Amino acid sequence: MTSLWHRFVDSDSVRRGATVQALTREGVRTHPLASEEAAGPGILFFDQMSQNLCDLVRHCSRNGLERVLAVAISHSTLTGNYVWQLLRSGASDVFAWDHSNYPAREIAARFERWEAVDDTVASSVVAENLVGSNPAWIAMLRQIVEVARFTDASVLVAGESGTGKELVARLIHSLDAQRQKRDLVVLDCTTIVPELSGSEFFGHERGAFTGAIAARDGAFALASGGTLFLDEVGELPLTLQAELLRVVQEHTFKRVGSNVWHQTDFRLVCATNRNLLHEESQGRFRRDLYYRIASWTCKLPPLRERPEDILPLAHHFLRQLRPDEEPEMDQAVRDYLTRRDYPGNVRDLKQVVSRMSFRHVGPGPLTAGDIPEEERPAVDAAPGDWRDGSFDAAIGRAMSLGAGLKEISHAAVDTAIRLAVASANGNLSRAARQLGVTDRALQMRRAAGRKSASGKKSGEGNSPLPHSA
């Protein structure tokens, strides 16, 4: 296990020493947080709750990207909604040091598991297939990796079309350590002909029906020892849903035209672009089947909720299309990609990049002329109102969670700065131009944001971007 940082907030020195010694005995090596610029995973000890503590967790965890364990010195501190506030601020877990007899052992076990999960998330098998650094995306990948590697649970993957549901199924199959690593069998439920559905799933014996000239294995037999992926499972008719119950629960089935029961052992992964609980309430999906296929569920975020991943994904697709020479992109192309709507999500983005790549010639970067004419924004179009329904929804959610005007304003400014810097590939001068401020104003605001998030003393307010910049 890598060395962790630790920081004590409002705790006496005697207790600090005893806590660190207990961690050392369990093999957990720690060092005091030397500066406000936290790096990597760590442990934050505290004995009272405050907004500054939540801000510190948010800063040290980089909004949940880094593993931060928040440990209360006493269980009496964790009252009310404090646990949920810390988790929402980015803590990976929250508990009290005195909630059991072996807190140091618990800490060691958690970081050992988290390190294994995060190493896998950073590996090529994940990073080169499910690209993105959005905090919500990384949190989802961590859950998928943990469930795939350390359990044999059936998984239901929900999300809009084009968000990568089949890629997630393939990742779960490749990481599954519980089975023999046989095939991933994909069955698209939208293409199943009702009259032949029994054969598709269960297989059939020779002569079972007209045209059955030979015996055939179905999906349940083919997937034994591997993974069965049912794509768009919400499209299955109710009669077929009832037939699947026994196989999903008991892992036994009979071929069409046979009275012999066969055993099968597969991991089940299902995908849907529907809300199956809503479908169940409308009588279109069986509740008993839902709870059999959804031992664990995840919902893939649409691309519009992870805008900082658009350009990294575009570069990823360019590397796939042009492995020998990946072209760069002019600023006009970068701006176009980040401002465009993607109703088809990641698949839509891939198609756009592909069309530009096909048109591009020469050794230089992709330029505006590489964008197909039907894709280009109207020249005389007035700038749209960016304060649309999603903006209103985000502000409304912040207020419902208790955020005040000052906190919302600071969050909006910090988000704009982060997106501009990411869009400019870290070039602060270019980011400042995009934001309409000076380089110095941008540097001062970034420094003020880091200082504020680190839990500075009360009375030192955050300074917004100067209006004269």
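Everything that follows concerns the structure shown earlier in this document.
Here we summarise the structure given alongside this text. (Residues numbered from 1 in each chain as written. Predicted model: local features only at pLDDT ≥ 70, side-chain atom pairs only at ≥ 80, totals over all residues. Heavy atoms only, no water.)

1. Regarding the sheet that holds strand S11 (residues 267–272)
So, point 1. Strand order in the open sheet made by the five strands is S7-S8-S11-S6-S12, with parallel pairing throughout. At either margin of the open sheet sits one strand with a lone partner, and together these are strand S7 (184–188) and strand S12 (296–299). This sheet shows a mean twist of 15° between the axes of neighbouring strands, independent of strand direction.
So, point 2. Here strand S6 (residues 155–158) pairs with S12 via four bridges, running parallel. Looking at S12, one finds that leucine 156 is bridged to threonine 297.
So, point 3. Helix H6 (residues 135–150) rests against S6, S11 and S12 of the sheet, and its axis sits at about 155° to S12. (Pairing = 2+ DSSP bridges. Helix = DSSP H or I, 4+ residues; strand = E, 2+ residues; numbered from the N terminus. Axes fitted to C-alpha atoms, helices over the stretch in contact; angles between N-to-C directions. Contact = heavy atoms within 4.5 Å.)

2. Digging into the nonpolar core
So, point 1. Core analysis: the largest hydrophobic core is formed by 29 residues, its most contacted members being Phe201, Phe220, Leu228, Leu230, Val233 and Ile293.
So, point 2. Contributions of two or more residues to this core are made by S7, helix H8 (197–202), helix H9 (219–222), strand S8 (227–231), helix H10 (238–250), S11 and helix H12 (287–293).
So, point 3. Per-element accounting of this core gives the leading share, five residues, to H10.
So, point 4. Not counting the four nearest positions on each side in its chain, leucine 230 is found in contact with Leu187, Cys189, Phe201, Leu268, Val269, Cys270 and Ala271.
So, point 5. Counting 28 residues, the second-largest nonpolar core is a separate cluster that includes Val155, Val157, Val168 and Cys298. (Core = buried A, V, L, I, M, F, W, Y, C linked by side-chain atoms within 4.5 Å. Buried < 20%, exposed > 50% of the residue type's maximum accessible area, 1.4 Å probe, protein only.)

3. Quick word on the packing of helix H2 (residues 51–60) against helix H3 (residues 82–89)
So, point 1. Between H2 and H3, the shortest axis-to-axis distance is 8 Å and the interhelical angle comes to 30°. One element, H2, and the other, H3, form an angle in the roughly parallel class. As H2 runs across H3, the sense of the crossing is right-handed. Counting all contacts with H2, which are made through Leu53, Cys54, Val57 and Arg58, the residues of H3 involved are Gln85, Leu86 and Ser89.
So, point 2. Counted by class, the contact of H2 with H3 contains four nonpolar, two polar and one charged residues. (Parallel < 35°, antiparallel > 145°, perpendicular 65-115°, else oblique. Left-handed = near helix turned anticlockwise from the far one by under 90°. Nonpolar A, V, L, I, M, F, W, Y, C, P; charged D, E, K, R; others polar.)

4. Considering the environment of valine 269
So, point 1. Looking at the secondary structure, you find valine 269 in strand S11.
So, point 2. Separated by 24 residues in sequence, valine 269 and isoleucine 293 have C-alpha atoms that sit 7.6 Å apart.
So, point 3. In this structure, valine 269 is in contact with Val155, Val157, Ala169, Ile172, Thr227, Leu228, Phe229 and Leu230, ignoring residues within four places of it in sequence.

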